[in-house]
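Observations on the three-dimensional arrangement
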Amino acid sequence: MNGLYKAVIRGVGSYLPETRLTNVEIEQMVATSDEWIQTRTGIAERRIARPDEATSDFAYLAAQAALADAKLHPTDIDLLIVATETPDYLLPPVACQVQARLGCRNIGAFDLHATCAGFLSALQVAEQFVKSGVHEHVLIVGADTLSRFTDYTDRGTCILFADGAGAFVVSRSDDRAARGVIATTIHSDGTYFHNLYIPGGGSRTPYGDGAKAKIVMDGRKIFKLAVNVMSSTVEELLQKTGRQRDEIDWLIPHQANQRIIDAVAESLDFPQEKVVSTIQNIGNNSSATIPIAVDTAIRDGRIQRGDLLMLVAFGGGLVWGGAMVEY
């Protein structure tokens, strides 16, 4: 092992808010229809936070579920990372709120800001800390409340975005037979910055200065970029590891849009029956989509221990990345 440990996925958990926003309800907000939405996105309904719920609430509940699955106590965790674009407050980090609510020791806790690829970025960070032996158990959470930043007069975006959280416990192992996290990769290209962003609410245009703190997206541009970068990421990881496409048990892409998911699978000549999709009844909850999809597929019996997973995501920035993981 060249002096390094293995980083394994010891526990997985997720949480979705109970409130559902259906396509029929969206028909009352903008000029659209259930058929139009489902044809273009694959989404029938999405989960939405109640007025009294925020990102830290979902992150906490998903973290609890992952710890229970890992059979660990909060005091066993050495580092906590929350990937989010929608913190409860501009400061402090959501991770600090989760650390306190869980009852962890005074460990390091920070937020990671990498849009819809944030959870895979957090996984890569956790992998490095665990493989190097610095930490034994790292808790990573992807959590977002995109409904608070969605313009419900814009039919191009309001049909997509949703809320929720998912979490992994990434743990150290010196078992030579363990595979765990096999390879990860992260990329960015800031020249596409304005194709998907929130123009208001930050230091350039603060609240109260006429800021539009709502998501703005060039859907056609993002569609093409998403298919290209996610497909190339899968190819990169296969080449890096020497694996063949037919060795992958499950492709788990960011749940942005069913047409994007289908186009990625088609470009890779990957069988649709081996692609995990949860978007129909959940929607796009940003950094939370991949851990939620993994947890869903574990609980319904599709993903089994020993399965080889290909996780891949893209998001505004433009950022994208992937991970090959043996569960």
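Notes on the structure in this doc start here.

Reading the values: rules and limits
- Residues numbered from 1 in each chain as written.
- Predicted model: local features only at pLDDT ≥ 70, side-chain atom pairs only at ≥ 80, totals over all residues.
- Heavy atoms only, no water.
- Salt bridge = Lys/Arg side-chain N within 4 Å of Asp/Glu carboxyl O.
- Buried < 20%, exposed > 50% of the residue type's maximum accessible area, 1.4 Å probe, protein only.
- Axes fitted to C-alpha atoms, helices over the stretch in contact; angles between N-to-C directions.
- Helix = DSSP H or I, 4+ residues; strand = E, 2+ residues; numbered from the N terminus.
- Parallel < 35°, antiparallel > 145°, perpendicular 65-115°, else oblique.
- Left-handed = near helix turned anticlockwise from the far one by under 90°.
- Contact = heavy atoms within 4.5 Å.
- Nonpolar A, V, L, I, M, F, W, Y, C, P; charged D, E, K, R; others polar.
- Core = buried A, V, L, I, M, F, W, Y, C linked by side-chain atoms within 4.5 Å.
- Pairing = 2+ DSSP bridges.

Take the pattern of salt bridges next. Applying the stated rule across the entire model yields 10 salt bridges. Asp52 is the salt-bridge partner of Arg50, the closest N and O atoms lying 2.9 Å from each other. With relative accessibility at 34%, the residue Arg50 sits in the partly exposed group. Judged by relative accessible area, which is 55%, Asp52 ranks as exposed.

Any two packed helices are characterised by how steeply their axes cross, that is the angle between the axes, and by the distance between the axes. Interaxial distance between helix α3 (residues 55–70) and helix α4 (residues 94–102) falls to 9 Å at its minimum, and their mutual angle equals 50°. Accordingly, the angle class assigned to the pair α3 and α4 is oblique. Taken as a pair, α3 and α4 cross one another with a handedness that is right-handed. In contact with Thr55, Ser56, Asp57, Ala59, Tyr60, Ala63, Gln64 and Leu67 of α3, α4 contributes Val94, Gln97, Val98, Arg101 and Leu102. Considered class by class, the residues forming the contact of α3 with α4 number 7 nonpolar, 4 polar and 2 charged.

With 44 residues, the main nonpolar core has Leu251, Ile260, Met310 and Phe314 as its most contacted residues. Broken down by secondary-structure element, the contributors of at least two residues to this core are β8 (181–188), α7 (219–241), α8 (258–267), β12 (308–315) and β13 (319–326). Ranked by residues supplied to this core, first place goes to α7 with 9 residues. Ignoring anything within four residues of it in the chain, the contact list for Met310 reads Val234, Leu237, Leu238, Ile248, Trp250, Leu251, Ile252, Ala323 and Met324. With 34 residues, the next largest nonpolar core counts Ala122, Val130, Ile140 and Ile290 among its residues.

Our focus in this paragraph is the sheet that holds β8. Taken together, the 4 strands give an open sheet; going across it, the order is β8-β13-β12-β11, and neighbouring strands pair in mixed fashion. Two strands lie at the open edges of the sheet, namely β8 and β11 (250–253), each paired on one side alone. On average, each strand axis in the sheet is inclined to that of its neighbour by 10°, with strand direction left out of account. The pairing of β12 with β13 spans 8 bridges and is antiparallel. Bridge pairing in β13 links Leu309 to Val325.

Okay, the sheet that holds strand β7 (residues 163–173) next. The strand order across the open sheet formed by 5 strands is β1-β7-β6-β4-β5, and the pairing between neighbours is mixed. Every other strand in the sheet has two partners, leaving β1 (6–15) and β5 (108–112) as the edge strands with one partner each. Direction aside, the axes of adjacent strands within the sheet are offset by 20° on average. Direction of pairing for strand β4 (residues 79–83) relative to β5: parallel, over a ladder of 5 bridges.

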